[in-house]
Amino acid sequence: MPETDAAGLSLTGASPTAAADYRQAVSLYHGLYGSPLPLLERATADSPGFVMAYVLKADMLLVGTSPEVMAMGAAAVEAARDLPATDRERGHVAAAARIAAGQFTAAGRILEDVSIAQPLDGVALQAGQLMDFMLGDNRMLRDRIARALPAWSPQTPDYHAILGMHAFGLEETGFYDRAEAAGREAIALQPRNAWAQHAVAHVFEMQDRRADGVAWMRTENAAWQHDSLFGVHNWWHLALFHLGLGETDEVLALYDGPIAGDGSDMAFDLLDAAALLWRLKLEGAATEDRFAKLADAYERKGGYGLAAFDDVHAMMAFVGAGREAEARDLMAALEATATGQGDNAMMTAQVALPVARALQAFGQGRFTQATDDLRTVRNRAHRFGGSHAQRDVIDLTLIAAARASGETSLERALLVERAAARP
């Protein structure tokens, strides 16, 4: 009999020892904490034909990391490509190959079919929801998980994980009360579930419950703060709460500490740093030296034109640091990317390019141009991925540009609109 995962699904090529390591790695992956990669390395060393161990490694390394780490994920895909596998496992391999090629829509569709056939496949659900996030597909963020939820129960291993995923999908589609309840239930089952912690933080952000957000992140549940694979983003959420309360010193302490203090070159970490510094810039806080260090990190990373959402945040860093030459190089890369094919070309042409152009204009004092560009693009900004909270920086920049350009009636209208959108 083949070994199985926690849901009883076959694990082709796994020894009992490797399967045990994989099950533990999956649990850590679901909660986004601990060290799952060494477990996967040990599993493949023990069982070189263990296809799902390579798949999970690829799922973890291919998105939001650095070019070097992404190359490791691509190598894992290649290792799995020709191994014996079940239909379910072949679906995973095919999806991982599409992710490696930047084809997030195709990968999400494949993983959707895997989940429809096997709703207890938690890895397919989590990897699929990440594709929905990358594409800004709010409905699928919710419905991919909702349709699988009836197959799960509190007795199912890692039930907290699907509750946390469901909470985020509910939040991004405006079901705030249900999202908070699902996220809190997930945290009650597994306090270290960083994704569920973040889903509740999103609820507080969208409802402008800043003090509740600080309490949630600092005191109600601090278990996420230790050994988290999603730590930078959750610290970023805490910083947004402090920023909304006018506590700039707290924001800067978080930036210099857990958000940017270790000099991470991971794409998700860099964009959180850039997004926070840009908000501070809009608030008039002094961030020049911090922007310079962040711009240096983006220069070292390079690889523009690969991820539209990341590229927009690189532009924030370059504009904030006054790096006009680097900003021009980035714009040239975006313009070239926009003429290509595939998901990222579409996201760049429709959203990233006009937003980056507006940021560049803002930095050069061309506030009327920035205002016009952002008014044109903001209602389709979801098409280049991210969450409502992350894309909010576009509206914040538009308000600042309208103010700086003297368009007081527009600024007033935008502020009224913003207040009306908060519950």
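Residues numbered from 1 in each chain as written. Predicted model: local features only at pLDDT ≥ 70, side-chain atom pairs only at ≥ 80, totals over all residues. Heavy atoms only, no water.

(A) How the structure looks around unusual backbone geometry. A positive phi is found at D158, a non-glycine position, where the angle reads about 65°. Locating D158 in the fold gives a position in the loop between helix 8 (138-146) and helix 9 (159-172). Judged by its relative accessible area of 16%, D158 falls in the buried class. (Helix = DSSP H or I, 4+ residues; strand = E, 2+ residues; numbered from the N terminus. Buried < 20%, exposed > 50% of the residue type's maximum accessible area, 1.4 Å probe, protein only.)

(B) Focus on the packing of helix 17 (residues 308-321) against helix 18 (residues 324-338). Axis separation between helix 17 and helix 18 bottoms out at 9 Å; the angle between their running directions is 160°. In terms of axis orientation, helix 17 runs roughly antiparallel to helix 18. By crossing handedness, the relation of helix 17 to helix 18 is classed as left-handed. Residues D311, A314, M315 and F318 of helix 17 lie in contact with helix 18, whose contacting residues are E326, A327, L330, M331 and L334. By residue class, the composition of the contact of helix 17 with helix 18 is seven nonpolar, no polar and two charged. (Axes fitted to C-alpha atoms, helices over the stretch in contact; angles between N-to-C directions. Parallel < 35°, antiparallel > 145°, perpendicular 65-115°, else oblique. Left-handed = near helix turned anticlockwise from the far one by under 90°. Contact = heavy atoms within 4.5 Å. Nonpolar A, V, L, I, M, F, W, Y, C, P; charged D, E, K, R; others polar.)

(C) Structural context of the packing of aromatic side chains. Evaluation of the coordinates by the stated rule reveals ten aromatic pairs. Measuring from ring centre to ring centre gives 6.2 Å for F133 and F168, while their planes differ by 55°; the resulting arrangement is tilted. With a gap of 35 residues between them, F133 in helix 7 (residues 122-135) and F168 in helix 9 connect regions that are remote in the sequence. Here F133 and F168 have matching classes, each one buried. The interplanar angle of 90° and the centroid separation of 6.1 Å between the aromatic rings of Y304 and F318 together place this pair among those described as edge-to-face. Residue Y304 is located in the loop between helix 16 (288-301) and helix 17, and its partner F318 is located in helix 17; the two are separated by 14 residues in the primary sequence. Its relative accessible area of 0% is what places F318 among the buried residues. Put simply, the rings of F133, F168, W195 and F230 pair up and form one aromatic cluster. Over the face of the ring belonging to F175 we find R178, whose NZ or CZ atom lies 5.4 Å from the ring centre. (Phe/Tyr/Trp six-rings, centres within 6.5 Å; stacked < 30°, edge-to-face > 60°. Lys NZ or Arg CZ within 6 Å of the ring centre and 35° of its normal.)

(D) Inspection of the packing of helix 17 against helix 19 (residues 343-363) at higher detail. Axis separation between helix 17 and helix 19 bottoms out at 9 Å; the angle between their running directions is 10°. As summarised for this structure, helix 17 and helix 19 are arranged roughly parallel, according to the angle between their axes. Between helix 17, through A308, V312, M315, M316 and V319, and helix 19, the contact on the second element is made entirely by N344, M347, T348, A352, V355, A356, L359, Q360 and G363.

(E) Up close: the environment of D59. By secondary structure assignment, the location of D59 is in helix 3 (residues 51-61). For D59, a relative accessible area of 8% corresponds to the buried category. Taking the C-alpha atoms as reference points, D59 and G128, separated by 69 residues in sequence, lie 9.8 Å from one another. Filtering out sequence-adjacent residues up to four positions away, D59 remains in contact with Y29, A96, I99, V123 and A127.

(F) Broad picture of helix 5 (residues 87-100). Over its 14 residues, helix 5 runs 20 Å from end to end, which matches the ideal 20 Å to within 8%, given 1.5 Å per residue. Three or more residues of helix 5 are buried, namely R88, E89, G91, H92, V93, A95, A96, A97 and I99. Here the buried face of helix 5 lies against strand 2 (10-11), helix 3, helix 4 (67-81), helix 6 (104-117) and helix 7. Looking at the residues trailing helix 5, positive phi occurs at G102, about 75°. (Expected span 1.5 Å × (residues − 1).)

(G) Examining the pattern of salt bridges more closely. Evaluation of the coordinates by the stated rule reveals 24 salt bridges. A salt bridge links D121 to R88; its shortest N-O distance comes to 2.8 Å. Taken together, the positions of D121 in the loop between helix 6 and helix 7 and R88 in helix 5 put the pair 33 residues apart, joining distant regions of the chain. Of the residues examined, D121 reaches a relative accessible area of 1% and is grouped as buried. Taking relative accessible area as the criterion, R88 reaches 10% and is therefore assigned buried. Here E112 ties to R109 by a salt bridge, and the two come within 3.7 Å at their closest N and O atoms. Of the two residues, E112 and R109 both sit in helix 6, three residues apart, roughly one turn of that helix. Taking the relative accessible area as the measure of exposure, E112 reaches 15% and is therefore buried. (Salt bridge = Lys/Arg side-chain N within 4 Å of Asp/Glu carboxyl O.)

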